[in-house]
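Now for the letters of each chain:
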Amino acid sequence: MPESYIEIINKVKSGDSSAFRIIADELKDKAYALTVRILKNKEDAEDSLQESFFKLFKAITEGKFEERSKLSTYFYSIVYNTAVDNYKKLKSKRFSIVSIDVDDSDFEEGDDLLKKFYESEISRNASDSNPEMNTEKKISGKEVENIIRNFIDSIPEQYSVILTMFYINDLSHEEIMEILKLPVGTVKNRLFRAKAKLKEIILKKYSEEEILQYV
């Protein structure tokens, strides 16, 4: 955790509630991106995000946040769970990231996804520049974020939520695993399928030559 965050948290714990605004300003945009992906409504997302910040403030002041994990990861877990709870209340139906339409039965923990599943020409070009990257992020975060923000609304929520976590919230496989309560192998599998879906949609608008520089 950044030293600045530790200092700010200590100020909040000591009663300086205004210091919490620094945390809120730092995290609000990316947290909102995740919330709106789940709730699909700006007003509902804003209400849910406000509730999430209240929960974070309470967790800090009551000493529930023990600083074992990054503050951002801890908060995004609150954001995700709060948004899902609100989705269930507002939509009167079940939200489940687990219901991504892929078959996990042939996937085992530790599998190399780029060897197990078909690798597109785009993926090969991306990995050729650095073969060690495999399922890790292959391009600059800003370029990916811009592409995803432009196209993510066209992707089913089961894909868009996990892509938002990975690219926009900048969460690792292990952090996503912790939030979604899924095995890390399943997270990697679903990310692979979600990225494939994103490529499929992007390629309907751009040629491979245009998009190779990004994906």
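Given the structure is predicted, the values throughout are model-derived calculations rather than measurements.

Visitor: Would you explain the packing of aromatic side chains in this entry?
Guide: By convention here, two paired aromatic rings are described through the distance between centres and the angle between planes. In this structure the tally under the stated criterion is six aromatic pairs. Ring geometry for phenylalanine 166 against tyrosine 167: centres 5.0 Å apart, planes inclined by 70°, an arrangement best described as edge-to-face. Here phenylalanine 166 falls in the buried class, since its relative accessible area comes to 1%. With a relative accessible area of 13%, tyrosine 167 lands in the buried category. Ring pairing ties together the aromatic residues Phe20, Phe53, Phe57, Phe75 and Tyr76, which thus form one cluster.

Visitor: Any chance you could explain the packing of helix α4 (residues 71-91) against helix α9 (residues 173-180) here in plain terms?
Guide: The description of two packed helices rests on the angle between their axes and on the distance between the axes. Contact geometry for α4 and α9: axes closest at 10 Å, N-to-C directions at 40°. By the angle between their directions, the pair α4 and α9 is classed as oblique. The crossing of α4 and α9 is right-handed. Listed contacts from α9 to Thr73, Tyr76, Ser77 and Tyr80 of α4 are Glu175, Ile179 and Leu180.

Visitor: So what exactly am I meant to see when it comes to the nonpolar core here?
Guide: In globular proteins that are soluble, nonpolar side chains generally tend to be buried together. Counting residues in hydrophobic clusters, the biggest one holds 48 residues, and the most contacted among them are Ile23, Phe75, Tyr80, Met165 and Ile176. Among the elements of the structure, α1 (3-13), α2 (20-39), α3 (42-61), α4, α8 (157-168), α9 and α10 (184-202) are those that each provide at least two residues to this core.

What counts and what doesn't
- Residues numbered from 1 in each chain as written.
- Predicted model: local features only at pLDDT ≥ 70, side-chain atom pairs only at ≥ 80, totals over all residues.
- Heavy atoms only, no water.
- Phe/Tyr/Trp six-rings, centres within 6.5 Å; stacked < 30°, edge-to-face > 60°.
- Buried < 20%, exposed > 50% of the residue type's maximum accessible area, 1.4 Å probe, protein only.
- Axes fitted to C-alpha atoms, helices over the stretch in contact; angles between N-to-C directions.
- Helix = DSSP H or I, 4+ residues; strand = E, 2+ residues; numbered from the N terminus.
- Parallel < 35°, antiparallel > 145°, perpendicular 65-115°, else oblique.
- Left-handed = near helix turned anticlockwise from the far one by under 90°.
- Contact = heavy atoms within 4.5 Å.
- Core = buried A, V, L, I, M, F, W, Y, C linked by side-chain atoms within 4.5 Å.

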